Amino acid sequence: MAKLAENRKRLGLALGGAVLAAVTAVTGTAHASTTDQVAPHEAAQHSSALTYGLDISHYEPLYDWSSSSAQFGIIKATEGTDFVDSSFARHWRELGEKGIVRGAYHYGHPADDPIADANHFLAAVNAQPARAGDLLVLDLETTDGKSVAEVNAWAKAWLSYVENQTGTKPLFYSGWNFADTYGHGLAQYPLWVAHYSRAKGAITPPADWKSWAIHQYTDVPIDQNVSALTPDQLRALGRQSV
């Protein structure tokens, strides 16, 4: 994803599902490490079975979805007001062929007009075949020199506009600390949070969120995630009509 790991080169750009499966256990019960103290409500959320998924961008142009063990895939569609990810159409098509939960994300820049950013994202997504259950995501992890209040207002404007245009609440993605600082007042939008120092699912929601939908727990050797939701529950967060 063009997020926490976007600024450095990735390893294994052509990793297939078989290789990835050998690197990580994909589903099942997650356990906090012995050094992490987990609050009761947090433990309750991460102790149930977790749904495994990946997020992908042009850094993994050859990723083989057909052999992947992922139960959901979220891919970069756009960034700013003019960038369209070169691998978006291919990944989108292959996720559709595989039939798992899929989503598209936009890497936002608060220096831009939020409506221009949102319209650029929607134009790219709407140019591809759609189906009910497709997830829409705002990836926000840079301030572009803006204040906390300005970044927060930008996020609210982007998210509310996309919701009004599609009838779907987008997910909000960011790192835990960024979300805790800039994400107040966004709890109505499902949370996808990156926190690499915690075991899979062993996180407490930042800011005003009471729960989380997806936890990105590592970017080694590729961005890997777990969801507290089943695939059907994830689809319920996506577009209900296309």
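Since the structure is predicted, the reported quantities are computational estimates derived from the model, not experimental observations.

A.B. asks: Provide a residue-level description of the overall build of the protein chain, including the pertinent values.
C.D. replies: When its secondary structure is counted, the protein chain shows 7 helices and 9 strands. Taking all 242 residues of the protein chain together, 52% fall into the buried category. Counting contacts in the protein chain only where the partners sit at least 6 residues apart, residues at least 24 apart contribute 68% of the total. Accessible surface, the protein chain: about 9,700 Å² in total, of which carbon and sulfur atoms supply 54%.

A.B. asks: Describe the environment of Leu237, listing the residues and the values that go with them.
C.D. replies: Structurally, the position occupied by Leu237 is in the segment after helix H7 (231-235). In this structure, the C-alpha to C-alpha distance between Leu237 and Tyr189, residues 48 residues apart in sequence, is 9.6 Å.

A.B. asks: Account for the pairing of strand E9 (residues 224-227), with residues named and values stated.
C.D. replies: Side chains Gln224 and Val226 of E9 all project onto a buried face; the interleaved residues Asn225 and Ser227 project onto the opposite face, where all are buried too. Relative to E9, strand E1 (residues 51-56) runs antiparallel, the two being bridged by 4 bridges. Bridge pairing links Tyr52 to Val226 in E9. Adjacent in sequence and paired antiparallel, strand E8 (residues 214-218) and E9 are bridged by 5 residues.

A.B. asks: Just give me the short version of the pattern of salt bridges, but keep the residues and values in it.
C.D. replies: One pass over the structure, following the stated rule, counts 6 salt bridges. The partner of Arg131 in a salt bridge is Asp134, with the nearest N and O atoms 3.8 Å apart. Residue Glu163 pairs with Lys169 through a salt bridge whose shortest N-O separation is 3.0 Å. Residue Lys169 is classed as partly exposed on the basis of its relative accessible area, which comes to 31%.

A.B. asks: Provide a residue-level description of the packing of aromatic side chains, including the pertinent values.
C.D. replies: Aromatic ring pairs: the centre-centre distance and the angle between the two ring planes describe each pair. All chains considered together, the criterion is met by 6 aromatic pairs. Looking at Lys169, its charged tip hangs above the ring of Tyr189, at a distance of 5.4 Å from the centre.

A.B. asks: Please set out helix H4 (residues 114-126) residue by residue, giving values where relevant.
C.D. replies: Under the 1.5 Å per step criterion, the end-to-end length of H4 is 18 Å for 13 residues, consistent within 8% with the ideal 18 Å. All buried positions along H4 are accounted for by Pro114, Asp117, Ala118, His120, Phe121, Leu122, Ala124 and Val125. Considering only its buried residues, H4 is in contact with strand E2 (72-79), strand E3 (83-84), helix H3 (88-98), strand E4 (101-107), strand E5 (135-139) and helix H5 (148-166). The opening residue of H4, the one whose side-chain oxygen lies 3.0 Å from the backbone nitrogen of Ile115, is Asp113.

Reading the values: the criteria
- Residues numbered from 1 in each chain as written.
- Predicted model: local features only at pLDDT ≥ 70, side-chain atom pairs only at ≥ 80, totals over all residues.
- Heavy atoms only, no water.
- Helix = DSSP H or I, 4+ residues; strand = E, 2+ residues; numbered from the N terminus.
- Buried < 20%, exposed > 50% of the residue type's maximum accessible area, 1.4 Å probe, protein only.
- Contact = heavy atoms within 4.5 Å.
- Areas by Shrake-Rupley, 256 points an atom, 1.4 Å probe, with all protein chains shown as cover.
- Pairing = 2+ DSSP bridges.
- Salt bridge = Lys/Arg side-chain N within 4 Å of Asp/Glu carboxyl O.
- Phe/Tyr/Trp six-rings, centres within 6.5 Å; stacked < 30°, edge-to-face > 60°.
- Lys NZ or Arg CZ within 6 Å of the ring centre and 35° of its normal.
- Expected span 1.5 Å × (residues − 1).
- Polar contact = N/O pair within 3.5 Å; in protein donor to acceptor, adjacent residues only side chain to side chain.

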